[in-house]
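Results of the structural survey
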Amino acid sequence: MSEYLNTRYRDLSPYTPGEQPLDKAYIKLNTNENPYPPGPGVLNALNEAAVKDLRLYEDPDNRMVIQALAEHYGVKPSQVCVTCGSDEALDLAIMAFGEDGFAFPDLTYNFYKVFCQLHNTSMQVIPLNEDFTIEVGRYCGIGRGVILANPNAPTGLVLSPEQIEQILKSDPHHVVIVDEAYIDFSESGSMIPYVNRYPNLLVVQTFSKSRSLAGARVGYAIGSESLISDLERIRNAMNPYGLSRLSQAAAVAAVHEQEYYDENCRRVISSRNWFIRKLEELGFSVLPSHTNFVLAQSDRIDGKVLYQKLKDRGILVRYFPDARIASAVRISIGTDEDMHQAAEKIREVLAEWNASQK
Ligand SMILES: *Cc1c(COP(=O)(O)O)cnc(C)c1O
């Protein structure tokens, strides 16, 4: 740290993304990416945008992406803000609406804490129940904003729209941010149909998971026109040239071939359900996932040990330092072939570990 760094940032602990090692080819099940490539429409659009238009600056207002999303979700274009990944939407929303602070669960997406620290926003961390569910009543009428990942990460558990409505109704003067990065893998519904009923509801989604575009960095927020104009005000003050021309072209094309991604989501869900049964046969307890990952705990092996032994065998998963889930690993759902491999390697590791513990 230099002597020049603003004292405000000296205690900032940045977000640690999942590792992206370059030393060899791994089966990557650690960052919840989609195992299937983007669809043919995206590849055509990228090609065309590169050849025809890449020499030109992009549209700083993301109008084509906004138009496509507004049509797809049945809202007005003025209710959509497009950002560099949903991380930027979360960042802007915490800056914009954080005057009284935000509450969120102890186990959730780690970026909420980082953004609150960065913007000097007070945080109220509310523990999940023993069974990792969210106690909705604890978020009602607390005089501050609320941020919930729904489905939550890394638990994979989901709240119903009615449960989120309870929080929205309990305090119309504070914003509830619902981060729906994984909603397309859940049977529980999105909150987007509720944005016209609740002026304090901001829904954040991403192209990174269900639409196979993590590397393009496209996210968006949907809410009332006034919430969205507040976000745009800050976005235009920070980073008005946000999304590249290629990312915009990819995003528009992806919205236009939604059935392709819906089909991939169904494949991921079916691989997930198969894999959960496999893990249970191997003695893991697995939370009922509504996402493209599972959180699996075994009382026989520590999460970090299992992570390391799987890495040695070419499979990357994620473990967490939090005491409550120290015995767990989070495993993203890949192709069926990836999941067969993963199940087999986990079986090997457990057999070896049990033998060494005798
Ligand atoms: C992956 C993820 C995001 C961020 O996605 P972007 O790639 O920035 O769009 C946001 N929230 C949660 C809970 C996530 O898991």
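Here the structure is a predicted model, which is why all the values come from computation and not from measurement.

1. Remarks on the site of the ligand
Close contacts around the ligand come from Gly85, Ser86, Asp87, Tyr109, Asp179, Ala181, Tyr182, Thr206, Ser208, Lys209 and Arg217, and that covers them all. Contacts to the ligand include Tyr182, whose side-chain N or O atom sits 2.5 Å from an oxygen atom. Thr206 has a polar side-chain atom sitting 2.5 Å from an oxygen atom of the ligand. Protein contacts shield 93% of the accessible area of the ligand, which totals 390 Å² for the unbound molecule. Examining the composition of the shell around the ligand, we find that 3 residues originate from one element, helix H3 (residues 85–97), more than from any other.

2. Examining the packing of helix H7 (residues 245–256) against helix H8 (residues 258–281)
Orientation of H7 relative to H8, taken along the N-to-C sense of each, is 75°, at an axis distance of 5 Å. Put simply, H7 runs roughly perpendicular to H8. Of the residues in H8, those touching H7 at Ala254, Val255 and His256 are Gln258, Glu259 and Tyr261. Residue composition of the contact of H7 with H8, by class: 3 nonpolar, 2 polar and 1 charged.

3. Considering the nonpolar core
Here is a general trend for soluble globular proteins: nonpolar side chains tend to be buried in one another's company. If you look at the biggest cluster of nonpolar residues, it comprises 52 residues, and the most contacted ones within it are Leu69, Val80, Val82, Tyr139, Met191, Leu201 and Phe207. Listed by contribution, the elements that provide at least two residues to this core are helix H2 (63–73), strand E2 (80–83), strand E5 (145–149), helix H5 (161–170), strand E6 (176–179), strand E7 (201–206), strand E8 (219–223) and H7. Among all residues touching Val82, those that are not within four sequence positions of it are Asn62, Val65, Ile66, Leu69, Val218, Gly219, Tyr220, Glu232, Arg235 and Leu243. Val268, Leu282, Leu306 and Ile333 belong to the second largest nonpolar core, which has 34 residues in total.

4. Here's the deal with the sheet that holds strand E10 (residues 293–297)
Read from one edge of the open sheet, 4 strands run E9-E10-E13-E12, paired in antiparallel fashion. One side of each edge strand has no neighbouring strand; the edge strands of this open sheet are strand E9 (285–286) and strand E12 (318–319). Pairing analysis gives 2 bridges linking E12 to strand E13 (residues 328–332), with the strands arranged antiparallel. Paired with Tyr319 across the two strands is Val329, which belongs to E13.

5. Structural notes on the pairing of E8
Of all 5 residues in E8, 5 are buried; the element is thus mostly enclosed. For E2 and E8, the ladder comprises 4 bridges, and the chain directions are antiparallel. Looking across to E8, one finds that Thr83 is bridged to Gly219. Pairing of E7 with E8 involves 5 bridges; the strand directions are antiparallel. Across the sheet, the residue bridging to Val203 is Ile222, located in E8.

6. Focus on the sheet that holds E5
Taken in spatial order, the 7 strands of this open sheet run E2-E8-E7-E6-E5-E3-E4, and their pairing is mixed. In this open sheet, the two strands that pair with only one neighbour each are E2 and strand E4 (123–126). Neighbour to neighbour, the strand axes of the sheet diverge by 20° on average, direction disregarded. Note: E5 against E6, 4 bridges, orientation parallel. Each bridged residue has a counterpart across the sheet, and for Ile147 the counterpart in E6 is Ile177. Packed onto the sheet, helix H4 (residues 111–118) meets strand E3 (102–105), E4, E5 and E6 and runs at close to 155° relative to E3. The sheet contacts of helix H6 (residues 225–238) involve E2, E7 and E8, and relative to E2 the element is tilted by about 30°.

So, how was this worked out
Residues numbered from 1 in each chain as written. Predicted model: local features only at pLDDT ≥ 70, side-chain atom pairs only at ≥ 80, totals over all residues. Heavy atoms only, no water. Near = heavy atom within 4 Å. Polar contact = N/O pair within 3.5 Å; in protein donor to acceptor, adjacent residues only side chain to side chain. Areas by Shrake-Rupley, 256 points an atom, 1.4 Å probe, with all protein chains shown as cover. Helix = DSSP H or I, 4+ residues; strand = E, 2+ residues; numbered from the N terminus. Axes fitted to C-alpha atoms, helices over the stretch in contact; angles between N-to-C directions. Parallel < 35°, antiparallel > 145°, perpendicular 65-115°, else oblique. Contact = heavy atoms within 4.5 Å. Nonpolar A, V, L, I, M, F, W, Y, C, P; charged D, E, K, R; others polar. Core = buried A, V, L, I, M, F, W, Y, C linked by side-chain atoms within 4.5 Å. Buried < 20%, exposed > 50% of the residue type's maximum accessible area, 1.4 Å probe, protein only. Pairing = 2+ DSSP bridges.

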